[in-house]
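Below, each chain spelled out in residue letters.
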Amino acid sequence: MCGIVGIIGQRDAAPLLLDALKRLEYRGYDSAGLATVDAQGAMSRRRSAGKLRNLERRVETEPLVGGTGIGHTRWATHGAPNEANAHPHVAAPVAVVHNGIIENFRALRDRLAKSGATLTSETDSETIAHLMAQRLAAGEDVKTALLGTIGALEGAYALAFAFEGQPQLLAAARSGSPLAIGFGDDGVMIGSDAIALAPFCDKIIYLDDGDVAILTPTRVDIFDQSGTPVERPAVAVPVQISLAEKGNYRHFMAKEIHEQPEVIARTIGHYLDIGAATMRSDAVPIDFADYRRVSLTACGTAYYSGLVARHWFEHLARLPVDLDVASEFRYRAQNFPRDELSMFVSQSGETADTLASLRACRAAGQTIATIVNVPTSTMARETDIMLPTLAGPEIGVASTKAFTCQLATLAAVAIKAGLDRGTLDEASAREKIEALIEAPRLVADALHVEPQIERIAKIVAPARSALFIGRGPAYGIALEGALKLKELSYIHAEGYAAGELKHGPIALVDDSVPVVVVAPYDDLFAKTVSNMEEVAARGARIILITDARGADAAGEAAEETLVMPDAPSFIHPLVMTVPLQLLAYHAAITNGTDVDQPRNLAKSVTVE
Ligand code: G6P
């Protein structure tokens, strides 16, 4: 999603803004721009389509001067990702950068056009510059104009403004989309997240929904929607955020895949007393005996963690799970039964649909538990019970380590649910806990198949289409494997419940379609193998992902068999995810796609 930066400093702003924007590249974007104001108050702007290096080249040939400025990476919503639609948008004397969607922009554009404004882009964001400029022209001060402007906006936004003629002033506003203000040696800064600001600032303030801020070199004044001054706490920039570097890896994704044993161990250590092989009593402050149902809501990869967790809750705790993607959940006619716990899963804690679903449950008076990776995020702040995944900052757009940490957390929570509800006796709980404690070691072992996967990726990379199948907990993993492949390598990939193949997708199968079969040796193994035989009989090229016992029992249908370490069946989903991540990664390398920032995708989806 769009990235926002801003600075009032002593040095030239453009290099600092470009640096901070580079740290936001991970969010996904398709054009970028900067505007600066020099000491005399003159404003200049440079924008370009495509990657930041295009903007950098532009700034090299046409330098920008001035210590105050704003910058933006744009993930297109309204209008193509070209220069005219890139931010900042200017309506003299105002320049604005925007993350989010203004839902009433058509009405605003019409109104502005009637009042004589000339709009030069197709964006919703440009209307904001004009609204603000009109108010300033009418004699309002910046604070009044800003409150009036946001009062006219419907939708989600994080905004940063610079002003021609005012070299020492920036303004900001937030509703829905996150925004932080930082203080450092180079000056006062604005950023979409702590990652953008980490190298420059030790302390940051997160604006609350509805806040506006007026920034000068010496002070930051924050007001709520009604214009009343408010204090927001300054927090230290988490040290791990400044460590968001690639290390010796070629891509963040490779680093994040290989970090999994460590971050899963860290996450498990939060929920389990590893030495005693017991649950930490205070880590999951929920008594599942109080609930008869769970609703689990998430988007994308996080949703697939819920698909796996549904099995765990139903098997271990006999707890029915109502699972949905957040973009559907929020518009369903909900009953919100009192005895239902509302759970959400999100890496970023900012995904617009998940957040809106959380707020709908909050409005209905439900108890809310959220599994979230960013502890300072909006969801982390708005939930009743925060269940952290300790994956550390995830920079690759395609989620990897956050997913396996979500699985680890959900596995621990499901054990707790089983204990609370008396459906899991102490001995069985201990067996599950011991299995979970093994996960980091087994995930580390699973990484050893990488050389074989590099070879298999060469089979998959030229394909136009691929199928991924699995049953039971492996069904969610098959869906995640298909999502990873399509996100990263742009190969059309479908994940299917193995038993559903013959109800349609088998029509697609011929010898050009690789079929990835996720079949650990568990109770459902023989069923999945039958489905594998059905597609093999139609000429499909089978890649079987299993374990040693599965490889012995699977017969000859597979062209390639990836033998994963033998693992307790409870943690198969964690182990089986690794080869699928590696397959997508190496297929993307073979196809030459942008691994860390695949086209059209965004890391943190802050619009509906
Ligand atoms: C985007 C990302 C995915 C992620 C999904 C949900 O689509 O590209 O990797 O799974 O959003 O994000 P969340 O932060 O809520 O887990």
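Before going into details, it helps to say that this report is about the structure given with it. The shown structure was predicted, so the numbers you read here are calculated from the model rather than taken from an experiment.

Calculation rules
- Residues numbered from 1 in each chain as written.
- Predicted model: local features only at pLDDT ≥ 70, side-chain atom pairs only at ≥ 80, totals over all residues.
- Heavy atoms only, no water.
- Helix = DSSP H or I, 4+ residues; strand = E, 2+ residues; numbered from the N terminus.
- Rg over C-alpha atoms; globule rule 2.2 N^0.38 Å.
- Buried < 20%, exposed > 50% of the residue type's maximum accessible area, 1.4 Å probe, protein only.
- Contact = heavy atoms within 4.5 Å.
- Areas by Shrake-Rupley, 256 points an atom, 1.4 Å probe, with all protein chains shown as cover.
- Lys, Arg positive; Asp, Glu negative; His and termini not counted.
- Charge placed at Lys NZ, Arg CZ, Asp CG, Glu CD.
- Pairing = 2+ DSSP bridges.
- Axes fitted to C-alpha atoms, helices over the stretch in contact; angles between N-to-C directions.
- Salt bridge = Lys/Arg side-chain N within 4 Å of Asp/Glu carboxyl O.
- Polar contact = N/O pair within 3.5 Å; in protein donor to acceptor, adjacent residues only side chain to side chain.
- Phe/Tyr/Trp six-rings, centres within 6.5 Å; stacked < 30°, edge-to-face > 60°.
- Lys NZ or Arg CZ within 6 Å of the ring centre and 35° of its normal.
- Near = heavy atom within 4 Å.
- Nonpolar A, V, L, I, M, F, W, Y, C, P; charged D, E, K, R; others polar.
- Parallel < 35°, antiparallel > 145°, perpendicular 65-115°, else oblique.
- Left-handed = near helix turned anticlockwise from the far one by under 90°.
- Expected span 1.5 Å × (residues − 1).
- Bend = angle between axes of the 7 residues up to and from the residue.

Things to note about the overall build of the protein chain
Here is step 1: Counting secondary structure elements, the protein chain contains 20 helices and 26 strands.
Here is step 2: The C-alpha radius of gyration of the protein chain comes to 25 Å, within 12% of the 25 Å expected for a compact globule of 608 residues.
Here is step 3: With the C-alpha coordinates of the protein chain rotated into their principal frame, the extents come out at 80 × 50 × 45 Å.
Here is step 4: In the protein chain, which comprises 608 residues, the proportion classed as buried is 61%.
Here is step 5: Pairs at least 24 residues apart make up 71% of the contacts formed inside the protein chain by residues separated by at least 6 positions.
Here is step 6: Carbon together with sulfur atoms contributes 48% to the accessible area of the protein chain, which is approximately 22300 Å² in total.
Here is step 7: Computed over 56 positive and 75 negative side-chain charges, the separation of the two mean positions in the protein chain equals 3 Å.

A word on the sheet that holds strand β26 (residues 560–564)
Here is step 1: Pairing in this open sheet of five strands is parallel, and the strands run β23-β22-β24-β25-β26 from one edge to the other. The open sheet terminates on both sides in strands that have one partner only, identified here as β23 (492–497) and β26. Mean inter-strand twist for the sheet, computed between neighbouring axes without regard to direction, equals 15°.
Here is step 2: Strand contacts of helix α16 (residues 450–460): β24 (514–518), β25 (541–547) and β26, with the helix running at about 145° to β26, the strand carrying the most contacts.

A few points about the pattern of salt bridges
Here is step 1: For the coordinates displayed, the defined rule picks out 33 salt bridges.
Here is step 2: Here R135 ties to E140 by a salt bridge, and the two come within 3.0 Å at their closest N and O atoms.
Here is step 3: With a closest N to O distance of 2.5 Å, D324 and R332 form a salt bridge.
Here is step 4: Residue D324 is classed as buried on the basis of its relative accessible area of 13%.
Here is step 5: Residues participating in the shared-partner salt-bridge network are R46, R58, E62 and E83.

A short note on unusual backbone geometry
Here is step 1: P88 follows H87 through a cis peptide bond whose omega is 0°.
Here is step 2: For P88, the location among the structural elements is in the loop between β4 (68–74) and β5 (89–91).
Here is step 3: In the segment running from A92 into P93, the intervening peptide bond is cis, with an omega of 5°.
Here is step 4: Relative to the assigned elements, P93 resides in the loop between β5 and β6 (94–102).
Here is step 5: The residue F336 is not glycine, and still its phi comes out positive at about 45°.
Here is step 6: One can find F336 in the loop between α11 (326–329) and β19 (340–346).

Some details on the side chain of E394
Here is step 1: Tracing the backbone through its elements, the reader meets E394 in the loop between β21 (385–388) and α14 (401–421).
Here is step 2: The exposure class of E394 is buried, given its relative accessible area of 2%.
Here is step 3: A distance of 2.6 Å separates the side chain of E394 from the side chain of K603, its partner in a polar contact.

Considering the packing of aromatic side chains
Here is step 1: In total, this model carries six aromatic pairs according to the counting rule given.
Here is step 2: Considering the side-chain rings of F161 and F163, the 6.3 Å spacing of their centres and the 15° angle between planes classify their relative orientation as stacked. When sorted by exposure, F161 lands in the same class as F163, which is buried.
Here is step 3: When the ring of Y521 is compared with that of F525, the centres are 5.0 Å apart and the planes differ by 50°; the resulting orientation is tilted.
Here is step 4: The buried category is assigned to F525, whose relative accessible area is 5%.
Here is step 5: Cation over ring: K143 sits above F223, and NZ or CZ is 4.2 Å from the ring centre.
Here is step 6: One cation-aromatic arrangement involves R599 over Y490; the distance from NZ or CZ to the ring centre is 3.9 Å.

Examining the site of the ligand
Here is step 1: In the vicinity of the ligand lie 13 residues, with S346, Q347, S348, T351 and A602 positioned nearest.
Here is step 2: Q347 has a polar backbone atom sitting 2.7 Å from an oxygen atom of the ligand.
Here is step 3: Between T351 and the ligand, the recorded distance is 2.5 Å, taken from a side-chain N or O atom to an oxygen atom.
Here is step 4: Burial of the ligand by the surrounding chains reaches 89%, relative to a free accessible area of 390 Å².
Here is step 5: Per-element tally for the shell around the ligand: the top contributor is helix α10 (residues 300–317), with three residues.
Here is step 6: Residue composition of the shell around the ligand, by class: five nonpolar, seven polar and one charged.

Looking at the packing of helix α9 (residues 260–271) against α14
Here is step 1: Between α9 and α14, whose axes approach to 9 Å, the crossing angle comes to 25°. With respect to α14, the element α9 is oriented roughly parallel. In this structure, α9 crosses over α14, and the sense of that crossing is right-handed. Each of Q260, V263, I264, T267, I268 and Y271 in α9 lies in contact with α14, whose residues at this interface are K401, T404, C405, A408, T409 and A412.
Here is step 2: Across the contact of α9 with α14, the residue classes tally to seven nonpolar, four polar and one charged.

Points about the packing of α9 against helix α15 (residues 426–446)
Here is step 1: One can describe the packing of α9 onto α15 by two numbers: an axis separation of 8 Å at closest approach and a directional angle of 170°. Here α15 runs roughly antiparallel to α9, going by the angle between their axes. From α9, Q260, P261, I264, A265 and I268 reach across to α15, where they touch L436, A439, P440, V443 and A444.
Here is step 2: Residue classes in the contact of α9 with α15 are distributed as nine nonpolar, one polar and no charged.

A few points about the environment of L159
Here is step 1: Mapped onto the elements, L159 comes out in strand β7 (residues 155–163).
Here is step 2: Of the residues examined, L159 reaches a relative accessible area of 0% and is grouped as buried.
Here is step 3: Separated by 34 residues in the primary sequence, L159 and S125 have C-alpha atoms spaced 9.4 Å apart.
Here is step 4: Each residue touching L159, except ones within four places of it in the same chain, is listed here: I4, V96, V97, H98, I128, I150, L153, A171, A172, A173 and L179.

Some words on α10
Here is step 1: With 18 residues, α10 ought to run about 26 Å at 1.5 Å a step, and its terminal C-alpha atoms sit 25 Å apart, in line with that.
Here is step 2: Along its length, α10 shows its largest kink, about 30°, at V308.
Here is step 3: The element α10 is extensively covered by neighbouring structure, given that 13 of its 18 residues are classed as buried.
Here is step 4: R318, located one to two residues past α10, shows a positive phi value of around 50°.

Note that every value here comes from positions in space, so none of it alone points to a role or purpose.
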